[in-house]
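Listed below are the residues making up each chain.
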Amino acid sequence: MATLRDIYIHVTPSVQGCPVALINNAIRSAAIEFCERTNMWKYAFAKQDVVADTDTYTFTFPVGMEDAMISKPTYVEVSGLQVNPTNEEDLDALQYLWRDATAKQAQLYYMDFDNTMILVPIPTETITEGLYVEACLKPTMTATALPDWLYENWSETIAHGALMRLQLLLRHGGVRP
């Protein structure tokens, strides 16, 4: 993993005297935006068991990926069948009492906070290794490192995004070096 400091070489010459905390935040924010816009950082999670009468599933990352979070799922499968994305607003508008609805198998999902997925309707059967998810990832707001491949291939692009943020702050008097 490359640290945020590894990108300083592309940033600090243009913003000399800028506080390190601001530089780190700008690099982190630029990396997050880059990952959200490009969907380049992809990950396939290990299959999870679907547990009867449980709609909430939290995804964790292996050692070395603690600074990652789900940006958006790209493929979700329950018991070998693809399920479709939705959101709470659409469910509220289209399906009365959806929060308590149950079925043999979920047909929809939406993302909650902290890498948590909600299956709709609530599955009534336990399915061993029945939930499979592929997702695009992004760094967390507290990330201190980025994957090596992201650094090696896109550090200058991320640095340009960080510089744009920092120069806007400097230009508008938000920071005095």
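Residues numbered from 1 in each chain as written. Predicted model: local features only at pLDDT ≥ 70, side-chain atom pairs only at ≥ 80, totals over all residues. Heavy atoms only, no water.

1. A word on the overall build of the protein chain
(1) Moving on: Check the secondary structure of the protein chain and you find 4 helices and 13 strands.
(2) Moving on: Looking at the protein chain as a whole, 41% of its 177 residues are labelled buried.
(3) Moving on: Considering only contacts in the protein chain between residues 6 or more positions apart, those separated by 24 or more positions represent 71%.
(4) Moving on: Working note: accessible area of the protein chain is about 9,900 Å², and carbon and sulfur atoms make up 51% of it.
(5) Moving on: Seen as two clouds, the 12 positive and the 22 negative side-chain charges of the protein chain have centres 11 Å apart. (Helix = DSSP H or I, 4+ residues; strand = E, 2+ residues; numbered from the N terminus. Buried < 20%, exposed > 50% of the residue type's maximum accessible area, 1.4 Å probe, protein only. Contact = heavy atoms within 4.5 Å. Areas by Shrake-Rupley, 256 points an atom, 1.4 Å probe, with all protein chains shown as cover. Lys, Arg positive; Asp, Glu negative; His and termini not counted. Charge placed at Lys NZ, Arg CZ, Asp CG, Glu CD.)

2. Some details on the packing of aromatic side chains
What characterises a pair of aromatic rings is the spacing of the ring centres plus the angle enclosed by the ring planes.
(1) Moving on: Scanning all chains against the criterion turns up 7 aromatic pairs.
(2) Moving on: Ring geometry for Phe-34 against Trp-154: centres 5.3 Å apart, planes inclined by 40 degrees, an arrangement best described as tilted. Highlighted residues: Phe-34 in helix H2 (residues 20-38) and Trp-154 in helix H4 (residues 148-171), separated in sequence by 120 residues.
(3) Moving on: Under the relative-accessibility criterion, Phe-34 is labelled buried at 10%. (Phe/Tyr/Trp six-rings, centres within 6.5 Å; stacked < 30°, edge-to-face > 60°.)

3. With respect to the environment of Leu-97
(1) Moving on: Its place among the elements puts Leu-97 in the loop between helix H3 (88-94) and strand S8 (102-103).
(2) Moving on: Separated by 70 residues in the primary sequence, Leu-97 and Ile-27 have C-alpha atoms spaced 43 Å apart.

4. Focus: the pairing of strand S5 (residues 68-78)
Consecutive residues of a regular strand have side chains that alternate between opposite faces of the sheet.
(1) Moving on: When S5 meets strand S12 (residues 127-139), the two strands line up antiparallel, connected through 9 bridges. Across the sheet, Tyr-75 pairs through a bridge with Glu-134, a residue of S12.
(2) Moving on: Connecting S5 to the antiparallel partner strand S6 (residues 81-82) that follows it, the hairpin turn spans 2 residues, and Ser-79 within it adopts a positive phi of roughly 55 degrees. (Pairing = 2+ DSSP bridges.)

5. What to know about the state of the cysteines
(1) Moving on: Going through the model one piece at a time under the given rule, you end up with 0 disulfides.
(2) Moving on: Here Cys-35 stays unpaired: no disulfide links it, and the sulfur of Cys-136, its closest cysteine neighbor, is 9.2 Å away. (Disulfide = S-S within 2.5 Å.)

6. Some points on H2
(1) Moving on: With 19 residues, H2 extends 27 Å between its outermost C-alpha atoms, agreeing within 8% with the 27 Å of an ideal straight helix rising 1.5 Å per residue.
(2) Moving on: The elements touched by buried residues of H2 are helix H1 (8-11), S12, strand S13 (145-146) and H4.
(3) Moving on: Backbone geometry just after H2 places Asn-39 at a positive phi near 55 degrees. (Expected span 1.5 Å × (residues − 1).)

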